[in-house]
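Architecture at a glance
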Amino acid sequence: MTMTGLFDPARHEPLQSAPWDEAAARAAITRIVDAALTEYRPGEGWLTHPLDDPDSPGHIDRPLYHGAAGVVLALQHLARACAIDATRPLPDFLPLLIRLRDVNHASLADHRHGSASFLLGDVGMDLLRWTLQPGEALAQRLHEAIAGNLHNTAREALWGNAGTVLAAIFLAEATGEARWGTLVRQAADALEAEMEPDPETGTWVWVQDLYGRPGQRMLGAGHGFAGNVYPFLRGAALLPDAQVARITARALVTLQATALRADGGANWLPAIDGSRTDQKRLVQDCHGAPGIICRLASVPRSPDWDTLLDAAGELTWQAGPLNKGPSLCHGTIGSALALHKLWRRTGDARWQDRARALAMHAAGQVEQQRRLHGQGRHSLWTGDLGVACVLWACVIGDHPFPSLDGF
């Protein structure tokens, strides 16, 4: 098998070879921010892009992942980083967030995975409100929601404990309060207790009960193994060293055993399922090599880890931009962020050059989609604001991605 056998070339497009240009990157960020501020509907939010919800024109989405909360978080993030014009102050988003949080909570009242979700539900939206207006009542609500989600049977990052624990990590760092560190350790213990040996590979896995499909053994960052390992790395300073080492050792064995390899590249199918031969060979943040890199790039250096992540980087680069668009979750900027993190891990300038090339391509895709649809795609994980945040990281050399690396 050649490396092209590890991914589907039909999902990718040729890289536009414009050289890295810091001024052009800054201009792209400015265009994205200006469009978001111009198209903001005070008290309502932003119209959902047709690619996010083609069946509901005029709809307003709400959460961090693909809605107004994520846009607000990104704008605050870029403003604090001085990535946008300080003479153009941001609106007061607090009343909007309070209203949309309540609407979103009500919409999830009967959801099979509950309403706590960090990226799609209460915890992410309440944490964002807390950054604007800290208060003990809100902190207590956050604590109860995170604690109540420790054993969510989804066992993945969008709905489960692996997502909501990130809020506890951020609060522990922001406040220094012992209750948050204790909650992080409880969440980590719950995650570790739910790992189990996989009969097919003989390695450690998590088994998801997701969207009514129990028994899934997913591997990626969005809904699977890599997303569950990530909190142990992001919260390592709050956890016992032996626990972090144990989980990362298990992660290495599992990912080595499940990697598809050819010509110096490595990729992963969405799930361990030997009975299925029809799994898509995706190269995205949510499934595939970019997400593996992005969540695990901070694991301590070793020859085995370096070899595995380097192979994942080669696969990500050879696959190239995604023709699905520029987004972080399932588009080109997710691959750019992965290679940027690989550069930060190794110091190898080729990864920085490649990350910047993909980021410039993603900026071009933003403009193409705006011309095609007549509006911006105002969201953090599925749209333009995520592109702006990664572009800024490429400009200054490093900056945490909001909702994942920082808040």
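Summary of the structure given here. Residue positions are counted from 1 within each chain, in the order its sequence is given. Note on the predicted model: pLDDT of at least 70 is required for a residue's local features to be given, and 80 or more for side-chain atom pairs to be given and counted; whole-chain, interface and lining totals, by contrast, use all residues. Side-chain descriptors were evaluated using all non-hydrogen atoms of the structure, hydrogens and water having been removed beforehand.

**Some remarks on the pattern of salt bridges**
Selection criterion: Any carboxyl oxygen of Asp or Glu within 4 Å of a side-chain nitrogen of Lys or Arg constitutes a salt bridge here. Helix and strand assignments come from DSSP, with helices taken as H or I runs of at least 4 residues and strands as E runs of at least 2, each series counted from the N terminus. Under the scheme applied here, a residue whose accessible area is under 20% of the maximum for its type counts as buried, over 50% as exposed, and between as partly exposed, the area being computed with a 1.4 Å probe on protein chains only.
Counted under the stated rule, the structure contains 28 salt bridges. The partner of Glu-39 in a salt bridge is Arg-370, with the nearest N and O atoms 2.9 Å apart. Residue Glu-39 is located in the loop between helix H1 (22-38) and helix H2 (68-80), and its partner Arg-370 is located in helix H13 (residues 349-373); the two are separated by 331 residues in the primary sequence. For Arg-370, a relative accessible area of 25% translates into the label partly exposed. Ionic contacts of the salt-bridge type, sharing partners, join the residues Arg-101, Asp-102, Asp-122, Asp-126 and Arg-141 into one network.

**Quick notes on the nonpolar core**
Selection criterion: Note on terminology: a nonpolar core comprises buried Ala, Val, Leu, Ile, Met, Phe, Trp, Tyr and Cys residues joined through side-chain atoms within 4.5 Å. Working rule for contacts: check all heavy atoms of both residues, and any pair within 4.5 Å makes them a contact.
One finds Phe-118 and Trp-268 to be the most contacted residues of the largest nonpolar core, which totals 136 residues. Those residues in contact with Phe-118 that sit more than four places away from it in its chain are Leu-64, Val-123, Gly-124, Leu-127, Leu-158, Gly-163, Thr-164, Leu-166, Ala-167, Phe-170, Ser-403 and Phe-407.

**As for the packing of helix H6 (residues 161-175) against helix H8 (residues 225-234)**
Going by this rule: Between N-to-C directions, angles span 0 to 180 degrees; the directions come from axes that are lines fitted to C-alpha atoms, helices contributing only their stretch in contact. Comment on the angle field: the value is read as roughly parallel under 35 degrees, roughly antiparallel over 145, roughly perpendicular from 65 to 115, and oblique elsewhere. By definition, turning the near helix anticlockwise from the far helix through less than a right angle yields a left-handed crossing, and turning it clockwise yields a right-handed one. Any residue outside Ala, Val, Leu, Ile, Met, Phe, Trp, Tyr, Cys, Pro, Asp, Glu, Lys and Arg is labelled polar, Gly included; the first ten of those are nonpolar and the last four are charged.
One can describe the packing of H6 onto H8 by two numbers: an axis separation of 9 Å at closest approach and a directional angle of 15 degrees. Compared by their axis directions, H6 and H8 come out roughly parallel. Taken as a pair, H6 and H8 cross one another with a handedness that is left-handed. Packed against H6, whose contacting residues are Ala-162, Val-165, Leu-166, Ile-169, Phe-170 and Glu-173, the element H8 presents Gly-227, Asn-228, Tyr-230, Pro-231 and Arg-234 at the interface. Among the residues making up the contact of H6 with H8, the classes are represented as seven nonpolar, two polar and two charged.

**Concerning unusual backbone geometry**
Here Asp-263, not a glycine, exhibits a phi torsion of approximately 50 degrees, which is positive. With respect to the secondary-structure elements, Asp-263 resides in the loop between strand S5 (260-262) and strand S6 (265-267). Look at Asp-263 and you get exposed, because its relative accessible area is 55%. One non-glycine residue, Ser-403, lies in positive phi territory at about 90 degrees. Along the chain, Ser-403 falls in the segment after helix H14 (384-396).

**Re the packing of H2 against helix H4 (residues 122-132)**
Where H2 meets H4, the closest approach of the two axes is 10 Å, and the angle between their N-to-C directions is 40 degrees. Taken together, the axes of H2 and H4 are oblique relative to one another. For the crossing formed where H2 meets H4, the hand is left-handed. Of H4, the residues touching H2 (which contributes Ala-69, Val-72, Leu-73 and Gln-76) are Met-125, Leu-128, Thr-131 and Leu-132. Classifying every residue of the contact of H2 with H4 by side-chain character gives six nonpolar, two polar and no charged.

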